[in-house]
Amino acid sequence: MKRVFCATYEGIDAKVVEVESTLTKGLPSFGLVGKVSMEINEAKERAKSALLSNDFKFPPKRITINLAPSDLKKEGSQFDLSMALLIAIYDLEEELDDWFVFGELGLDGAVKENTQLYPLLLSLANQNIIQKAIVPFAALKKLSKIPNVSFYGVNTLNEAVSLLRNQTSATPSIDCSEIEYPFYEAGEKKYFYVKEYDEDFIDVKGQEIAKRAALISAAGFHNIIFEGSPGCGKSMIATRLRYILPSMSTSEILDLAKLQVLDGKEPLFKPHRNMQSVHHTSTSASVFGGGSHKAKIGEVGLAHNGILFFDELPHFSKSVLEALREPMQDGKIRISRVNSKVEYPADFLFIGAMNPCPCGNLLNVNKECRCNELEIQRYKNRLSDPFLDRIDLNVVMQNISISDQPSLSSKEMHKKVIQTHIINKERGQKSFNAKLNDKEIELFCILDEEAKNTLDMAVSRFSLSFRSIKKVQKVARTIADLDESKVILKEHLVEALSYRRR
């Protein structure tokens, strides 16, 4: 028996598939087993034609190719090359190393790349389960950016056969490459960053409270809602916030590249977190993912490790807003269909922007609000308490004044976020402050005596829920980190309470 490895999708993650072959006595036949799709069944004809076109003798034996595990459905033409290779080298006496083999075969034996190749290899690399792979030569330019994997490019089936027959002397076409961006080390990991601010906070005049809240949100990955009159700078701040987010680890950069491919974009391998802006007319399937036969990723999944931005928040459908509660709480989205059940990671920073009333002028001192109380109440009621309870920071924007001046730049704010990120990691945190669980809150969110008394008074006065108490503690932890304080002081807790929903 001979064996190589390939991979297929399960959700957005790649799952390793063992491609095994046996050639036994019996009537000549070629069978595939292992829950294969129609396109893999078609691979039998491509493999057979490629072998015969290149002067390989098709063995007059009972050929069985098994794709294991048998309970995992396999899809894609990337299995062609692995199946043909196992038949071509059936007489090879030496054992094969742990080779991963990917490639679609032409009828003449040419090795081609397919659309699934890139994200599959990205996912395998991110899971640290692949060291070397035989791939189409045409894909090498893209694949060279995937770190910690050696790729062996081949143009034809003959080249792939020659490579495996001389595997001890084979040299990779490209070696693994490092990510070439500035980085710092914290908690025994490298974190990469870029100092590029296409949209800068220096352009935002005034709105000091909103900018301070944006800094806290970025440093701790806290969900935030901006409420204010049209044109006061809600979207302006939201779009600039992505440029000051914390640095990214290698695995996060690979995750982002994989999501960019799934979104039909060219991956940049750049440590710059993504931002998914969702329109209020978007359907539930486009936001969360779906499909009758194969559950595809939606905007929520594509925002993983980045920002999910909902402008005109109350205009989104009630079903979308309520379904958003689960990924905001758990950091994952589950899609259940008759033919598939998929779970996607969806650990994002949520940003919402909304007007104070349907006409938008309720908080404007220069314009009269045209809405009656009933209309305002209906508008506000579109956001339920359970949904709002998952928001850490609620910011009411200030009125615009001709005397407003710019203050902090994105570069200055980003520097503070990086300092906070380093403090988090050196403290032993694995996640951002906003994502801490109950045990981690007890461990890291330590309040001094005065802050404890203030929190007790706030719980009694405002009737805070358990979730609200935890959120106040986590926001206060971020504020304390920005001040480089080891414990949470009273002033940190008071500021955290000021961002509560009223």
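Details of the structure are given in the entry above.
Quick notes on the rules
- Residues numbered from 1 in each chain as written.
- Predicted model: local features only at pLDDT ≥ 70, side-chain atom pairs only at ≥ 80, totals over all residues.
- Heavy atoms only, no water.
- Buried < 20%, exposed > 50% of the residue type's maximum accessible area, 1.4 Å probe, protein only.
- Helix = DSSP H or I, 4+ residues; strand = E, 2+ residues; numbered from the N terminus.
- Pairing = 2+ DSSP bridges.
- Disulfide = S-S within 2.5 Å.
- Contact = heavy atoms within 4.5 Å.
- Axes fitted to C-alpha atoms, helices over the stretch in contact; angles between N-to-C directions.
- Core = buried A, V, L, I, M, F, W, Y, C linked by side-chain atoms within 4.5 Å.
- Phe/Tyr/Trp six-rings, centres within 6.5 Å; stacked < 30°, edge-to-face > 60°.
- Lys NZ or Arg CZ within 6 Å of the ring centre and 35° of its normal.
- Expected span 1.5 Å × (residues − 1).
- Arc of directions from axis to C-beta.
- Salt bridge = Lys/Arg side-chain N within 4 Å of Asp/Glu carboxyl O.
- Lys, Arg positive; Asp, Glu negative; His and termini not counted.
- Polar contact = N/O pair within 3.5 Å; in protein donor to acceptor, adjacent residues only side chain to side chain.

**Re the pairing of strand 3 (residues 29–33)**
In strand 3, alternate side chains face the same way, and those of Phe 30 and Leu 32 are buried while those of Ser 29, Gly 31 and Val 33 on the opposite face are not. The pairing of strand 3 with strand 4 (residues 62–68) spans five bridges and is parallel. Among the inter-strand pairings, Gly 31 is bridged to a residue of strand 4, identified as Thr 64.

**Notes on the state of the cysteines**
Counting across every chain of the model gives zero disulfides. Looking at Cys 359, it has no disulfide partner, and the nearest cysteine sulfur is the one in Cys 357, 3.6 Å off. In this structure Cys 371 is not part of a disulfide, and its nearest cysteine sulfur, from Cys 359, lies 3.6 Å away. For Cys 371, a relative accessible area of 15% corresponds to the buried category.

**Overview of the environment of Ser 286**
Mapped onto the elements, Ser 286 comes out in helix 10 (residues 284–288). Filtering out sequence-adjacent residues up to four positions away, Ser 286 remains in contact with Gly 298 and Glu 299.

**Here we look at the sheet that holds strand 18 (residues 393–396)**
Sheet architecture is open: five strands sit in the order 13-14-17-12-18, paired in parallel fashion. Each having just a single partner strand, strand 13 (275–278) and strand 18 make up the two edges of the open sheet. Each strand axis lies, on average, 15° off the axis of its neighbour in the sheet, ignoring direction. Two elements, strand 14 (residues 307–310) and strand 17 (residues 349–354), share four bridges in a ladder whose sense is parallel. By the bridge assignment for strand 17, Phe 309 is matched with Ile 351. Running at roughly 165° to strand 18, helix 7 (residues 208–220) makes contact with strand 12 (224–227), strand 17 and strand 18 of the sheet.

**Let's talk about unusual backbone geometry**
Of note, the amide linkage connecting Ala 68 to Pro 69 takes the cis form, showing an omega dihedral of 5°. Mapped onto the fold, Pro 69 is located in the loop between strand 4 and helix 3 (80–88). A positive phi angle, close to 65°, is found at Glu 188, a residue other than glycine. In this structure, Ser 463 takes a positive phi of about 50° despite not being glycine. Mapping Ser 463 onto the fold places it in the loop between helix 18 (449–462) and helix 19 (466–482).

**Focus on the nonpolar core**
In this structure, Leu 81, Phe 102, Leu 121, Ile 146, Phe 151 and Leu 157 are the most contacted members of the largest nonpolar core, which totals 72 residues. Ala 213, Ile 216, Ile 244 and Met 397 belong to the second-largest nonpolar core, a separate cluster that totals 52 residues.

**Some words on the packing of aromatic side chains**
Throughout the structure, instances matching the rule amount to 11 aromatic pairs. Taking the centre distance of 5.5 Å and the plane angle of 50° together, the rings of Phe 183 and Phe 192 count as tilted. In this structure an aromatic cluster arises from ring pairing among Phe 310, Phe 316, Phe 350 and Phe 387. When the ring centre of Trp 99 is taken as origin, the NZ or CZ atom of Lys 132, which lies over that ring, is 4.1 Å away. When the ring centre of Tyr 118 is taken as origin, the NZ or CZ atom of Lys 142, which lies over that ring, is 5.9 Å away.

**A closer look at helix 18**
Its 14 residues place the ends of helix 18 20 Å apart at the C-alpha level, agreeing with the 20 Å of an ideal helix rising 1.5 Å per residue. Among all positions of helix 18, only Ala 451, Thr 454, Leu 455 and Ala 458 are buried. The buried residues of helix 18 occupy an angular sector of 100° when the element is viewed end-on, so they sit on one face. Pointing more than 90 degrees away from the buried face of helix 18 are the exposed residues Glu 449, Asp 456, Met 457 and Ser 460. On the buried face of helix 18, the contacting elements are helix 19 and helix 20 (490–498).

**Concerning the pattern of salt bridges**
Side-chain pairs of opposite charge can arise where the charged atoms are in close proximity. For the structure shown, the criterion picks out 26 salt bridges. Glu 18 serves as the salt-bridge partner of Arg 3, at 3.5 Å between the closest nitrogen and oxygen. Here Glu 18 lies in strand 2 (residues 13–24) and Arg 3 lies in strand 1 (residues 2–10), a separation of 15 residues in the sequence. Across the salt bridge formed by Glu 326 and Arg 334, the nearest N and O atoms sit 2.8 Å from each other. Under the relative-accessibility criterion, Glu 326 is labelled partly exposed at 32%. Accessibility expressed as a relative area gives 43% for Arg 334, which makes it partly exposed. Here the salt bridges share partners, and the residues they tie into one network are Glu 326, Lys 332, Arg 334 and Glu 343.

**Digging into the side chain of Arg 390**
Structurally, the position occupied by Arg 390 is in the loop between helix 15 (385–388) and strand 18. No salt bridge is formed by the buried Arg 390; its nearest oppositely charged neighbour, Asp 389, is found at 5.9 Å. Polar side-chain contacts of Arg 390 include one of 2.7 Å to the backbone oxygen of Pro 386.

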